[in-house]
Protein chains: 2
Amino acid sequence: MAQKVKLSTIAESLGLSTATISLALRDSPLVAADTRDKIKEQARALGYIYNRRAASLRTSRSGIVGVVFHDVMNPFYGEILKAIESELDRSRQTFILSNHYDSVEKQRTFIETLLQLGSDGIIMSPAIGTPIEDMTLAEENGMPAILVARSMDGVDMPTYRGDDSYGISLATNHLISLGHRTIAMVGGTDQTSTGRDRYQGYVNALRKAGIEVDPNLRIPGPRSKQGGFEAAVHFLSLPQKPTAAVCWNDLVAIGLMNGISRAGLVPGVDISVTGYDDLEEAAIATPALTTVSNGQAEVGRLAARALLDRLAGSHEPDGIHLIKPEMRIRQSTGPVRPRV
Amino acid sequence: MAQKVKLSTIAESLGLSTATISLALRDSPLVAADTRDKIKEQARALGYIYNRRAASLRTSRSGIVGVVFHDVMNPFYGEILKAIESELDRSRQTFILSNHYDSVEKQRTFIETLLQLGSDGIIMSPAIGTPIEDMTLAEENGMPAILVARSMDGVDMPTYRGDDSYGISLATNHLISLGHRTIAMVGGTDQTSTGRDRYQGYVNALRKAGIEVDPNLRIPGPRSKQGGFEAAVHFLSLPQKPTAAVCWNDLVAIGLMNGISRAGLVPGVDISVTGYDDLEEAAIATPALTTVSNGQAEVGRLAARALLDRLAGSHEPDGIHLIKPEMRIRQSTGPVRPRV
DNA sequence: CTGAAAGCGCTTACAG
DNA sequence: CTGAAAGCGCTTACAG
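Residues numbered from 1 in each chain as written. Chains lettered and ligands numbered in written order. Predicted model: local features only at pLDDT ≥ 70, side-chain atom pairs only at ≥ 80, totals over all residues. Heavy atoms only, no water.

### Things to note about the overall build of chain A
Thinking step 1. For chain A, the count of helices and strands is twelve helices and twelve strands.
Thinking step 2. Projected onto its principal axes, the C-alpha positions of chain A cover 90 × 40 × 30 Å.
Thinking step 3. Considering chain A as a whole, with its 340 residues, one finds that 57% of them fall into the buried category.
Thinking step 4. The long-range fraction of contacts in chain A, counting pairs at least 24 apart against all pairs at least 6 apart in sequence, stands at 70%.
Thinking step 5. For chain A, the accessible surface area stands at approximately 14,100 Å², while carbon and sulfur atoms represent 52% of it.
Thinking step 6. Considering chain A, the positive charge centre built from 36 side chains and the negative charge centre built from 38 side chains are found 3 Å apart. (Helix = DSSP H or I, 4+ residues; strand = E, 2+ residues; numbered from the N terminus. Buried < 20%, exposed > 50% of the residue type's maximum accessible area, 1.4 Å probe, protein only. Contact = heavy atoms within 4.5 Å. Areas by Shrake-Rupley, 256 points an atom, 1.4 Å probe, with all protein chains shown as cover. Lys, Arg positive; Asp, Glu negative; His and termini not counted. Charge placed at Lys NZ, Arg CZ, Asp CG, Glu CD.)

Put into structure tokens, the structure is as follows:
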């Protein structure tokens, strides 16, 4: 590796000061156009690499944004991340990603790392059980936080997520309109806002239709394909013989449909199944999954924009911003057919 | 936000020098044990946050490692990333992730960003068409690179990937042993080493079994579920009426099986399908997918270890390190059954 | 075992 | 339009 090229290397080679070089490379109007061109040309020729650490130490802006989710391998978060990525790219901000896997410790370690790196902000879907102190730790050290997908009680930071209660009621109403009366709810946990809100929306929709709510028709827990797959046995053996399942998300729904198929029944014919999120793969599942669009792209885009705006000095309103979900009717739901 | 706490804040409050504080916080044996404890206690009490940028500027080590893949939403890369993550976590290295989506420009921008941030190294699966200069740019500026999943011609950097040619021959031989003779190959592109090597392995296996290779039985292109799903139409309309498909990866295989189901045929019975990678979801697909384990966890772990070792000073051997694939026989393959 | 001082590579008032 | 100088917050020889 050749001798490190820095501002002073360029300055000396051109007989100018580092101040002029610095200004020129950042297109300051203070530098004459032809001086600027000469400097840029020379920087390229010497293979100059801008040292962001040094600049950041001086300016206390790092150009780094932290993003922490439960697990990016989950396409729901993956789709949010993609939207964040493209929005940050446009503003030349680099993001650092971490999965917390709902470990509060892992999440805190990550927040501390971001603070040490001088991260300009953080976009997060907080881990289950996140203490308020961890959130204020960020804010108090000048690192604004934006929440996505999950709300946190007692925190009025800007939060972007879908209207879960309304969305799940769309799915439930759809099944009711097809004649289903014994409808199970599969997946999700009361430990997250999405779990609570979606169960509540399901309960509300049933009540509004005059259908009695049977708590035993709830199978809480599953949140992945694997989980949905395994829940199929439980679901199929429920003594109430439900004819339909409202799933907490698409992954659970797809897993459940696979499990139902393995048992020799045909999802969408023998048993109706709805998902939630409208992941890209929902449309190509077999059968194509009836689900609720949860606006991941919108959530990611708005959250990134909110953070960028805040970094630019404007203060977006705090509190929860709900994105309106929409029904996507496909082949996994159909008219009620009695269970044998 | 309170006044920023730095080393000198602690030093003054205790009547010590910043040198002592710095050493104590890093557990240097040069500092007396009780002095150290007092310092650590005070640092905590004041809410001190270590400034990595300043330290990194001084030491020229950042504790940051870059990771760039085609797309982490692809579970194949996601599984590699997980292994890298857990290995780096153990060494308290932070990773910065980027998708290149096979855009050479996006990849180069990311490499430049890493250089600016003083990244200690990079683990990458190079974008299609990556010029050698982009790789040497990293190395020449003191940022060692480790390749995963894809090889690059003319580059002898350490590379960790599966033995694609051997692996696909396992899948092909399995189908041949079930009596299949008209076997299509679906997905992949000649622009990547995996695409070339897997097609070659398929061709070799057929030849060795004395089966004539029909280039029209290759359907190149698909690399995703969506792609495999769409390829089903083409596959089913092939005049040679193949009874089995060797797919380039699990995603294509799962998509293809969905497409086959939509057409009213039963994958695993009417048409045998093999995947490649053994993603977590292969086992719960319907039918459960016969596939080839590609050792993602191993690839990620070894690549991360190789980089960490290099950072620690030891020089692992350059060149390609092949991980041995293994066959996973499930329900998506069965005895040949003539196409009608 | 602890301290004084230099320096990592930038940017930013301030002068001219 | 350009330059001299200070300073961001650390670490690291070097002294003692």
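Still to come is the rest of the account.
### Overview of helix H6 (residues 104–117) of chain A
All names here are of chain A.
Thinking step 1. Relative to the 20 Å expected for 14 residues at 1.5 Å per residue, H6 spans 20 Å between its end C-alpha atoms, a close match to the ideal helical length.
Thinking step 2. Of all the positions in H6, only Val 104, Gln 107, Phe 110, Ile 111, Thr 113, Leu 114, Leu 115 and Leu 117 are classed as buried.
Thinking step 3. Phi turns positive, to about 75 degrees, at Gly 118, one or two residues after H6. (Expected span 1.5 Å × (residues − 1).)

### A closer look at the nonpolar core
Thinking step 1. The biggest cluster of nonpolar side chains holds 54 residues, and the ones touching the most others in it are Phe69(A), Ile80(A), Ile84(A), Ile123(A), Phe69(B), Ile84(B) and Ile123(B).
Thinking step 2. Excluding its chain neighbours within four sequence positions, the residues that come into contact with Ile123(B) are Val65(B), Gly66(B), Val67(B), Val68(B), Ile84(B), Ile146(B), Val148(B), Ala303(B), Ala304(B) and Leu307(B). (Core = buried A, V, L, I, M, F, W, Y, C linked by side-chain atoms within 4.5 Å.)

### Things to note about the protein's contact with DNA strand D
Thinking step 1. For DNA strand D, the set of nearby residues contains 24 residues, the closest of which are Ser17(A), Thr20(A), Arg58(A), Ser22(B) and Arg58(B).
Thinking step 2. Among the atoms of DNA strand D lying within 4 Å of the protein, the sugar-phosphate backbone contributes 73%.
Thinking step 3. A distance of 3.4 Å is found between a phosphate oxygen of DNA strand D and a side-chain nitrogen or oxygen belonging to Arg26(B).
Thinking step 4. Of all the secondary structure elements, the ones that give two or more residues to the surface near DNA strand D are helix H2 (18–25) and helix H4 (52–59) of chain A together with helix H2 (18–25) and helix H4 (52–59) of chain B. (Near = heavy atom within 4 Å. Polar contact = N/O pair within 3.5 Å; in protein donor to acceptor, adjacent residues only side chain to side chain.)

### Focus on the domain arrangement of chain A
Thinking step 1. Examined at the domain level, chain A breaks down into domain 1 (5–49), domain 2 (62–160 + 294–322) and domain 3 (162–293).
Thinking step 2. Here domain 1 of chain A and domain 2 of chain A have C-alpha centroids that lie 36 Å from each other. (Domains from an automatic or database assignment.)

### A short note on the relation of the copies chain A and chain B
Thinking step 1. Between chain A and chain B, the superposition needs a rotation of 180 degrees and an axial shift of 0.0 Å, giving an RMSD of 0.0 Å. Here the copies are linked by what is in effect a two-fold axis.
Thinking step 2. When the interface residues of chain A are mapped onto chain B, 100% of them are again interface residues, pointing to one common binding face. (Least-squares fit on C-alpha atoms with pLDDT ≥ 70 in both.)

### Side note on the interface of chain A and chain B
Thinking step 1. Between chain A and chain B, the contact holds 49 residues from the first and 49 residues from the second.
Thinking step 2. Interface area, chain A with chain B, both sides summed: about 4,500 Å², of which 58% is carbon and sulfur.
Thinking step 3. Of all residues in chain A, Arg53(A), Met73(A) and Ile284(A) give up the largest surface area on contact with chain B, accounting jointly for 18% of the area buried on that side.
Thinking step 4. Across the salt bridge formed by Asp89(B) and Lys106(A), the nearest N and O atoms sit 3.5 Å from each other.
Thinking step 5. The tally of links between chain A and chain B comes to 20 residue pairs in polar contact (both at pLDDT 80 or more).
Thinking step 6. Among the secondary structure elements, those contributing two or more residues to the side of chain A that touches chain B are H4, helix H5 (75–90), strand S2 (94–99), H6, helix H10 (225–236) and helix H11 (250–262) of chain A.
Thinking step 7. Residue composition of the side of chain A that touches chain B, by class: 20 nonpolar, 16 polar and 13 charged. (Buried area = accessible area lost by both parts, 1.4 Å probe. Salt bridge = Lys/Arg side-chain N within 4 Å of Asp/Glu carboxyl O. Nonpolar A, V, L, I, M, F, W, Y, C, P; charged D, E, K, R; others polar.)

### Observations concerning the UniProt feature "domain: HTH lacI-type" (unreviewed entry) in chain A
Thinking step 1. The feature "domain: HTH lacI-type" (unreviewed entry), as annotated in UniProt, sits at residues 5–59 of chain A in this numbering.
Thinking step 2. In this annotation, residues 5–59 of chain A is assigned 69% helix and 0% strand; the end-to-end C-alpha distance for the span is 21 Å. (UniProt positions renumbered as here; feature names shortened; annotations may be inferred.)

### A few points about the pairing of strand S4 (residues 145–148) of chain B
Thinking step 1. Across the two faces of S4(B) the burial is the same, with Ala145(B) and Leu147(B) and Ile146(B) and Val148(B) all buried.
Thinking step 2. Each parallel crossover has a hand, and the one from strand S3 (residues 121–124) of chain B via helix H7 (residues 132–140) of chain B to S4(B) is right-handed. (Right-handed = clockwise from strand over helix to strand, strands pointing away.)

### Section: the packing of aromatic side chains
Thinking step 1. Taken as a whole, this structure holds six aromatic pairs over all chains when the rule is applied.
Thinking step 2. Seen in terms of ring centroids, Phe76(A) and Tyr77(A) are 5.1 Å apart; in terms of plane orientation they differ by 65 degrees. Their pairing is edge-to-face.
Thinking step 3. Centroid distance Phe69(B) to Tyr77(B): 5.1 Å. Interplanar angle 25 degrees. Geometry classified as stacked.
Thinking step 4. Looking at Phe69(B), the relative accessible area reads 0%, which means it is buried.
Thinking step 5. For Tyr77(B), a relative accessible area of 6% puts it in the buried group.
Thinking step 6. Clustering of aromatic rings is evident, with ring pairs tying together Phe69(A), Phe76(A) and Tyr77(A).
Thinking step 7. The lysine or arginine in question, Lys324(A), covers the ring of Tyr166(A), its NZ or CZ lying 4.3 Å from the ring centre. (Phe/Tyr/Trp six-rings, centres within 6.5 Å; stacked < 30°, edge-to-face > 60°. Lys NZ or Arg CZ within 6 Å of the ring centre and 35° of its normal.)

### As for the pattern of salt bridges
Two side chains carrying opposite charge are able to pair once their charged atoms lie near each other.
Thinking step 1. This model, assessed by the stated rule, comprises 52 salt bridges over all chains.
Thinking step 2. The partner of Lys225(B) in a salt bridge is Glu281(B), and the shortest N-O contact between them spans 3.0 Å. Here Lys225(B) is found in helix H10 (residues 225–236), whereas its partner Glu281(B) is found in the loop between strand S9 (272–274) and strand S10 (291–293), with 56 residues between them in sequence. As far as burial versus exposure is concerned, Lys225(B) and Glu281(B) are alike and both buried.
Thinking step 3. What emerges from the salt-bridge pattern is a single network uniting Glu87(A), Arg90(A), Arg305(A) and Asp309(A).

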